[in-house]
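Commentary on secondary and tertiary structure
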Amino acid sequence: MRKGLFLSKAVVVTCVVAAIGAAATIIALSVVYAQEKSKNEMTLQSTDSPTTSPTSPTTPSTPKEPWQRYRLPESLAPISYNVTLWPRLEPDADNLFIFTGHSTVVFRCVKETELLLIHSNKLILTSFEGYFAKLRGLSGAAAPSLKDTWLEIPTQYLVVQLNSPLQAGSTYELYTEFVGELADDLGGFYRSEYIEDGMTRVVATTQMQPTDARKAFPCFDEPAMKAVFHMTLIHPHETVALSNSMNYGKYVTDASRFHSQQHFEPTEIMSTYLLAFVVSDFKFISMPPNADVLIRIWARRKAIEEGQGAYALEKTGSILAFFEDYYNSSYPLTKSDQIALPDFSAGAMENWGLITYRETALLYNPGVSSNGDKEWVAIVISHELAHMWFGNLVTTRWWNDLWLNEGFATYVSYLGANFAEPTWNMVDPFNIIGVMSVDALASSHPLSSKEEDVLTPEHISELFDTITYSKVWPQLKHDKYCIICLQTYLEEFKYNNTVYTDLWKHLQMAVEKANIKLPHSVEVIMNRWILQMGFPVVTINTQTGEITQKHFLLDPDSVVDRPSEFNYEWFVPITWIKNVGDEQQYWLLKKEATNTNMTLVGANDWLVANMNTKGFYRVNYDSDNWERLLDIPVINRAQLIDDAFNLARAKMVSTTLALRTTKFLDKELEYMPWETAKRNMNYFYLMFDRSEVYGPMQAYWKKQVTPLFNHFKEITVNWTKIPENHNDQYNQVNAISMACSTGVEGCEALTTGWFKEWQDNPANNTISPNLKYTVYCSAIAAGGEKEWDFAWSMFKNATIATEADKLMSALSCTKEPWLLNRYLGYCLDPKKIRKQDATSTIISIASNPIGQPLAWDFIRDKWDHIFNNYGGGSFSFGGLISGLTQRFSYEFEYKQLLQFKEDNAGQFGSAATSLEQALERTKANMNWVALNNKEVFDWFTSEAPIPN
């Protein structure tokens, strides 16, 4: 943390503008609240006649007061909430959407205290005789009188000071009334809009994780503060209200014949971030009523009528049954509602009993959606259902251990999806490949941090990254005894909170019961993987049997300034196989060791380690073994390609060796090697598509992909059939996309011809769903304004979210700068591009070499607006910085990035870490290009000379 404070003029102006905007909103909401109370449209059941404070005062505080700390004190523990909310689905005369409500929280005093802190953010609280709350004692306890109340804006607290202490062991209740804005900011209790039958329809919905339940009602908004929730929603008769538990009563309100008051059964004891409620006019489909668990799929009326929820309904039951067996634990609730929302910031959210999704993650139309769309639906449903136990039933105590929830759910999502679709053979190698590229940076972070290092909402949001989701479970997933440990872990801690060491204890118990011999305890082994960032590269010398490990960094010259108590050494379970013999394992426990079993004798012998990426490490070999591996039949090809390319980036092997791993591709028909090569070559395109290397590089890949393109042309009978094999369908997409981008003869004519047929008959799109994005992108890149405007029209009229997504992304493929600039402008107009899609669309434009400088200029110019209106604290905001800067490899770009950091100091929120990673990555790119430019140019030229 930087000590002292310096505010530049630009920052001061920004702060003043933000403060003025916040004050205006507060005043406007206060006026609205007063108006709503005076209309007396309903009675929020209260014994007093409150008055509303026109502002939310704050009290100056000294630096170390409890209300200036981001963590709640441990003096109080919530027991239950009784919350009533009334969202207005129509704007008022001031064009504001609001909600009103009241909440009673029952809590127990654990330690005697004269201070009550409860989270409240962006709520206007009603004043009762000068105080923002009412306190009452329960079970004979006397409630102290209130001394003062105020809202502490920086730490998002309602502060209640008392004239005498609450007594340890006694129970009390705190009552508040409030109004909030039903904004379109995708957080807390928010508003989503869509158009159906020419009418704009409004949905009131929620996204509480990680720290936005406090925007819906005052609450103890930390994961360890579990409680039972009694919810009531007031809503128009023609709408339906949903929450985590089943509804049990619906009454017409006394004051209005047009609204109903819907009560819900009490929830299980759970964290605030898992609370959800929705008011909409959606429809649903469901399983037969005699099912053990009521499963319902909710969505827009037309989506349900078109059958878009049928696949999700079909697979949810089988995946839920799989996890009941996997965990050896019955699903804890009586229902599982899953709802597809038009506006949603994440992919999905595991709210207990009411899982919320983006439409693309839940809805599937077999006539329009691709295999990838279908697979994504299965994986996301599986991920969220996995959380019903691991995360919901048992919850991490604090966000520093978020990886316990998300890392496990990411892994088992593939198990559940494979159970539901056994012919797909789904695996997760690209999750591991993706996380390795981030974890190989000096600015990476450990999986688990100290609780005191993760405090602010922005810091918490930063943790929702690829490391948290994908790193740890490769270490455990192949141990069958891990399943046993998970079952005992869930049984012991159900309805409670844990820290990561609790899981290690149960894994240790399973290991000892099975009499498995490990070199150290589970905790000692695993601490090296979660308490220090990064991972090792293991180098095996097959001539001597010498094995070494070192911290793998993509830029070996970068400075690692984060200390590690383990000195960046790991206990590495090395698995390997030779050309003869079975797979073996060896534990590398030091920086150096020798294992003579790994030596090779014959001139044609070879050795491959870490088969199927069982361990989270990269492997390097002596040069002789590398040469042999380049000539052997296909075995572990994808991993060899990925290791070689990343080792080349880290200057551990020559770049030409990495490139040589792709020479066999002109004879390769399998999906995994092609996909791995394509992903790794993407880095070369990012570095060289603005240089003289681009021409020979294109010529080489044209030569390599042409046989694959012709292969699929043949087996599909001139593109009239769909390949039968699941992975072949994916590889057909690779063949066409790479062939068109490298200029293979006949490819562009094929895709533009399909697109032209659709233009001539917009009502009949005959393009294969699997090929749609590839065809759209290729045709738009080859075309001009006419093709772009047609695709834009189809996007705006699309009623299927996956189709809209493909078109939205493909629109960024145009080579016309003015069209890309126009599209960038559309990104900041929510009527054209939804807020949930704005950052991803800008990233898509930046991935286009023509669009990248346009997007970078656009973002620098509009940063204040984007940060303040598009979620500076959201999960995906860091991806915007990463996506914009992935091509940076010049000195002037590095200087621009430094200037951008200086100009917007304090205005990065959850993107702060991504900015530091972008700076590190840019510097590494500069060094790598300077070192490899000539060598790469010469290699591509020699392999595929360009005709004169």
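Described in the following lines is the structure provided in the data block. (Residues numbered from 1 in each chain as written. Predicted model: local features only at pLDDT ≥ 70, side-chain atom pairs only at ≥ 80, totals over all residues. Heavy atoms only, no water.)

1. Let's talk about the environment of K335
Counting through the fold element by element, K335 comes out in strand 19 (residues 335-341). Taking the C-alpha atoms as reference points, K335 and S245, 90 residues apart in sequence, are found 7.3 Å from one another. When near neighbours in sequence (up to four residues on either side) are disregarded, K335 contacts S243, N244, S245, M246, V293, L294, R296, G353 and L354. Only 3.3 Å separates the side chain of K335 from the backbone oxygen of N244, close enough to count as a polar contact. There is a polar contact of 2.8 Å between the side chain of K335 and the backbone oxygen of G353. (Helix = DSSP H or I, 4+ residues; strand = E, 2+ residues; numbered from the N terminus. Contact = heavy atoms within 4.5 Å. Polar contact = N/O pair within 3.5 Å; in protein donor to acceptor, adjacent residues only side chain to side chain.)

2. So, unusual backbone geometry
Cis peptide bonds are those with omega within 30 degrees of zero, and the linkage from Q209 to P210 qualifies with 0°. Relative to the helices and strands, P210 resides in the loop between strand 11 (199-207) and strand 12 (228-236). In the Ramachandran plot, L186 falls in the positive-phi region, its phi being about 65° despite a non-glycine side chain. For L186, the position within the fold is in the loop between strand 9 (171-181) and strand 10 (188-196).

3. Re the sheet that holds strand 4 (residues 113-119)
One open sheet accounts for three strands, arranged 4-8-7; its pairing is antiparallel. In this open sheet, the two edge strands, each paired with only one partner strand, are strand 4 and strand 7 (146-152). Averaged over all neighbouring strand pairs, the angle between strand axes comes to 20°, with direction disregarded. Pairing between strand 4 and strand 8 (residues 157-166): six bridges, direction antiparallel. Bridge pairing in strand 8 places L115 opposite Q161. (Pairing = 2+ DSSP bridges. Axes fitted to C-alpha atoms, helices over the stretch in contact; angles between N-to-C directions.)

4. Considering the pairing of strand 16 (residues 277-280)
As a general feature of sheets, a regular strand has side chains that alternate between the two faces. With burial as the criterion, each face of strand 16 is covered, one bearing F277 and V279 and the other bearing V278 and S280. Two elements, strand 13 (residues 240-243) and strand 16, share four bridges in a ladder whose sense is antiparallel. Looking at strand 16, one finds that A241 is bridged to V279. (Buried < 20%, exposed > 50% of the residue type's maximum accessible area, 1.4 Å probe, protein only.)

5. Observations concerning helix 25 (residues 851-869)
For an α-helix, the turn length of 3.6 residues means that residues three or four places apart are oriented alike. Spanning 19 residues, helix 25 covers only 23 Å between terminal C-alpha atoms, well under the ideal 27 Å at 1.5 Å per step. Along its length, helix 25 reaches its greatest deviation from straightness, about 75°, at K862. Restricting attention to buried positions, one finds in helix 25 the residues G851, Q852, L854, A855, W856, F858, I859, W863, I866 and F867. Against helix 23 (817-826), helix 24 (835-847), helix 26 (877-885) and helix 27 (891-903) lie the buried residues of helix 25. (Expected span 1.5 Å × (residues − 1). Bend = angle between axes of the 7 residues up to and from the residue.)

6. Topic: the pairing of strand 9
With 10 of its 11 residues buried, strand 9 lies for the most part within the structure. Across 11 bridges, strand 3 (residues 98-109) lies against strand 9 in antiparallel orientation. If you follow V106 over to strand 9, its bridge partner there is E173. One ladder, built from three bridges, connects strand 5 (residues 123-127) with strand 9; its direction is antiparallel. In the strand pairing of strand 9, L123 is matched with G180. Relative to strand 9, strand 6 (residues 134-138) is paired through five bridges, and the arrangement is antiparallel. Within the sheet, the bridge partner assigned to K134 lies in strand 9 and is Y175.

7. Concerning the packing of aromatic side chains
Scanning the model with the defined rule gives 66 aromatic pairs in all. A ring pair is formed by F128 and Y175, whose centres lie 5.9 Å apart and whose planes are at 55°; its orientation type is tilted. In this pair, F128 sits in the loop between strand 5 and strand 6 while Y175 sits in strand 9, placing the two residues 47 residues apart along the sequence. Here F128 matches Y175 in class, with each residue buried. By the ring-pair criterion, three or more aromatic residues cluster together here, those being F322, F323, Y326, Y327, Y331, W389, F390, F408, F419, Y489 and F493. It is K134 that lies over the ring of F128; its NZ or CZ is 4.8 Å from the centre. Sitting over the ring of F571, R528 keeps its end group 4.0 Å from the ring centre. (Phe/Tyr/Trp six-rings, centres within 6.5 Å; stacked < 30°, edge-to-face > 60°. Lys NZ or Arg CZ within 6 Å of the ring centre and 35° of its normal.)

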